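# Working through the structure, step by step
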Amino acid sequence: MTKNCRKIFFSIAAVALTAFFSGPVFAASIVGDEWQKFFEEKVSFGGFAENVSGLSVSHGSRFFNTSNRFIMNRFTIQPEFNVEMTDWAKLFISWRFVVEPRYSAETKSREGSVSYFPPQPVRPLRIDYYDEYSPVPWEAVLDVSPTDRLKLRIGRQFISWGETDGFRLLDVINPQDLRFAPPAAPNLFNLDESRIPSWGLRALYTIRPVSNTIFEFFALPGSLDEAKQRVDEFMGSNDTTDREVRYGRWSAYPETRMVLAGHNAFGNLFANPVIGPGCFAINPATCVILPTTSRELPAAADSWKIGTRLTHAIGKLNFGLGYIWGFNPQATDMVFKLKSTSLIQCPGTAPPAPPACTQAFLSLINARTNIFAGHFNYTVDQLASVPVNTAIRGEIAFYPSEPYNISQYPGSFGLMAGPDPRYPDGIVKKNTLRYALGFDRTTLIPFLQDDPWRPFRMSFQIFQRIIFDHEDGIHPFSTAEKIKKLTTNLTFRVSTGYLGDTILPDIFLSYDPAGYWSANPAVTYAPLWNEKISLSLIGAFYGGHNKFANLGLFSEKDSVFLKMRYQF
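What you see is a predicted model, and the numbers here were worked out from it, not measured in a lab. (Residues numbered from 1 in each chain as written. Predicted model: local features only at pLDDT ≥ 70, side-chain atom pairs only at ≥ 80, totals over all residues. Heavy atoms only, no water.)

## Comments concerning the overall build of the protein chain
Counting secondary structure elements, the protein chain contains six helices and 26 strands. Residues classed as buried in the protein chain amount to 51% of the 568 residues present. Long-range contacts, defined as pairs at least 24 residues apart, comprise 66% of the intrachain contacts of the protein chain with a sequence gap of at least 6. Carbon and sulfur atoms make up 63% of the accessible area of the protein chain, which totals about 25,700 Å². (Helix = DSSP H or I, 4+ residues; strand = E, 2+ residues; numbered from the N terminus. Buried < 20%, exposed > 50% of the residue type's maximum accessible area, 1.4 Å probe, protein only. Contact = heavy atoms within 4.5 Å. Areas by Shrake-Rupley, 256 points an atom, 1.4 Å probe, with all protein chains shown as cover.)

## Side note on the pairing of strand β3 (residues 89-94)
Among the six residues that make up β3, five are buried, leaving the element largely enclosed by the rest of the structure. When strand β2 (residues 70-86) meets β3, the two strands line up antiparallel, connected through six bridges. When the bridges of β3 are listed, Val83 appears paired with Leu91. Strand direction decides the pairing type here: β3 and strand β5 (residues 139-144), joined by six bridges, are antiparallel. By the bridge assignment for β5, Ile93 is matched with Ala140. (Pairing = 2+ DSSP bridges.)

## Here we look at the pattern of salt bridges
Applying the stated criterion to the full structure yields 30 salt bridges. Measuring nitrogen to oxygen at the nearest pair gives 2.7 Å for the salt bridge that ties Arg74 to Glu132. Taken together, the residues span a long stretch of sequence, with Arg74 in strand β2 and Glu132 in the loop between α4 (104-113) and β5 at a distance of 58 residues. In this structure Arg74 comes out as buried when scored by relative accessible area, which is 2%. According to the relative accessible area criterion, Glu132 is buried, its value standing at 13%. Among the ionic pairs, Glu132 bridges to Arg96, the shortest N-O distance being 3.6 Å. With a gap of 36 residues between them, Glu132 in the loop between α4 and β5 and Arg96 in the loop between β3 and β4 (97-99) connect regions that are remote in the sequence. Here Arg96 falls in the buried class, since its relative accessible area comes to 12%. Each of the salt bridges in this network shares a partner with another, and the network as a whole consists of Asp420, Arg422, Lys430, Asp469 and Glu471. (Salt bridge = Lys/Arg side-chain N within 4 Å of Asp/Glu carboxyl O.)

## A word on the packing of aromatic side chains
Counted under the stated rule, the structure contains 14 aromatic pairs. Note on Phe270 and Phe336: the rings are 5.4 Å apart at their centroids and 75 degrees apart in plane angle, and the pair reads as edge-to-face. One end of the pair, Phe270, is in the loop between β10 (263-264) and α6 (279-282); the other, Phe336, is in strand β14 (residues 335-344), with 66 residues separating them in the sequence. By way of ring pairs, the aromatic residues Phe45, Phe81, Tyr566 and Phe568 are connected into one cluster. Geometry around Tyr399 places Arg434 over its ring, the cationic atom sitting 4.8 Å from the centre. (Phe/Tyr/Trp six-rings, centres within 6.5 Å; stacked < 30°, edge-to-face > 60°. Lys NZ or Arg CZ within 6 Å of the ring centre and 35° of its normal.)

## Here's the deal with a positive patch on the surface
A grouping of Lys37, Lys42, Lys90 and Lys151 is seen on the molecular surface, where their side chains present a positively charged patch. Following the sequence through the fold, Lys151 ends up in strand β6 (residues 150-157). (Patch = residues over 30% accessible without salt bridge, like charges linked within 9 Å, V, L, I, M, F, W, Y side chains within 5 Å. Lys, Arg positive; Asp, Glu negative; His and termini not counted. Charge placed at Lys NZ, Arg CZ, Asp CG, Glu CD.)

## Quick word on the environment of Trp325
For Trp325, the location among the structural elements is in strand β13 (residues 317-327). For Trp325, a relative accessible area of 29% gives the class partly exposed. Other than its neighbours up to four places away in sequence, Trp325 contacts Trp304, Lys305, Ile306, Arg368, Thr369 and Asn370.

## Section: the sheet that holds strand β15 (residues 357-365)
The strand order across the open sheet formed by three strands is β11-β15-β14, and the pairing between neighbours is mixed. The sheet is open, and its two edges are formed by β11 (289-296) and β14, each paired on a single side. Ignoring which end each strand starts from, the neighbouring axes of this sheet average 20 degrees apart. When β14 meets β15, the two strands line up antiparallel, connected through nine bridges. (Axes fitted to C-alpha atoms, helices over the stretch in contact; angles between N-to-C directions.)

## Looking at the confidence of the model for the protein chain
Averaged over all residues, the pLDDT of the protein chain is 84; the fraction at 70 or higher stands at 83%. Across residues 1-6, confidence stays below pLDDT 50; counting only partners more than four residues off in sequence or on other chains, it has four contacts. Overall, residues 8-29 carries pLDDT values under 50, and its contacts beyond four positions in sequence, including any with other chains, amount to 23 contacts. (pLDDT = per-residue confidence, 0-100.)

Laid out in structure tokens, this is it:
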């Protein structure tokens, strides 16, 4: 009831703001010429309608081994309103409505790959799992400029500090919806489309206009957002016993290497078994941990995100330093924390057999964290008299005491990994440095163009993470694959246009030197006779030397999509 009242309140508040700031005009004549003039001159309407259809093209995939390979039919409509209430106050408000059914391909893949303890039928996703609709606006921002130097933005909004493409680094202020968007596929759904807006305040004050020196502050209470929208929404692997986690289209490949005597022994990553009387005498293979997991979302009273940043320009160099206090923001940064254990009856046994298996209660958490951030942009015109014309950009983020799951390799009972006795809750904290370097330029390649003056736009990025004081056994929460001290991802993107920019090819590639890759090619048709319409054919393809790390998690989920968009 409280949640519904909140939704109604924010909808009414947005309308009230419009009426309040346009009061003098409204009072002049509610049905007369002044009111009509206000709407004609001060209010604009726009938005888009979009449909995305997708098919699996994986061969020999255990996820899509049915005759029905239809994996996406996502329809989105987003109306948007701009209201220029005064010279110093503007209102933007939009709603987002998404309808997308679940698919039999997902249901079949769940039945073939997901197991529970104790065994029970695997349930499909709920029919409206991917839908998005609410009376609460998708965005509702009031931009106010009390002075020339001070700008305030109040309401449900996006705040992005990052400029990376395909992968996030500093773009972690707003959470991300990972349920529907394939990873490393910006040509299908880019970061702007997968972010979740948050209620809050953003203030920018220009300290020195000449050097574009700006002080920025933001505060997002979190309590005004739904609990599941305070952190990344994601899909779990369903290789544990949580009956709330659902195996969906872009779930990671479940950890299947932690199996003992036909039972999933994933829980042995986090807790030692409680050895009951006669356990080894009955069947040593039953001395495993049966995990019960739950998602622990940030509480309303403890869900603030606060940050500050100072940006400055010196000639062609623009740079900034900032600080973010909030949660470890990305889904991949979450950790399982062991809460407790209890002795239970092993699967397939009953009294008088003794309870000889351990039930481990694990919470998947977003720990509180601090991020010290920096970024820069610089354009190099020439180097040693050689024309370069390349824009260089960089981002850096330092995480003090970032939490990681850790286990001991090898584990007991012949498993590849087990609990590390030094860390009873399965968590270790390490200082972590992440950074990205990007190089952007346009290049003329005449023999590849019908228009010799139409350039190719190229972008290369390198992402690296360094874990200081690294310990062997650090791993992601979802698999037993070790995380190295230094990890690297490379991306390359190139795009251009043909036939007067009616045919627009674009390809995004990513590569991990450890042996993982993805390709996201796209070609868009934008007809000259209607600039509001676009049709795109897009692919999302993945590979890797195993299925338990990085982009190899999605190596059985190659798909192609047709995206139709109408901008109104």
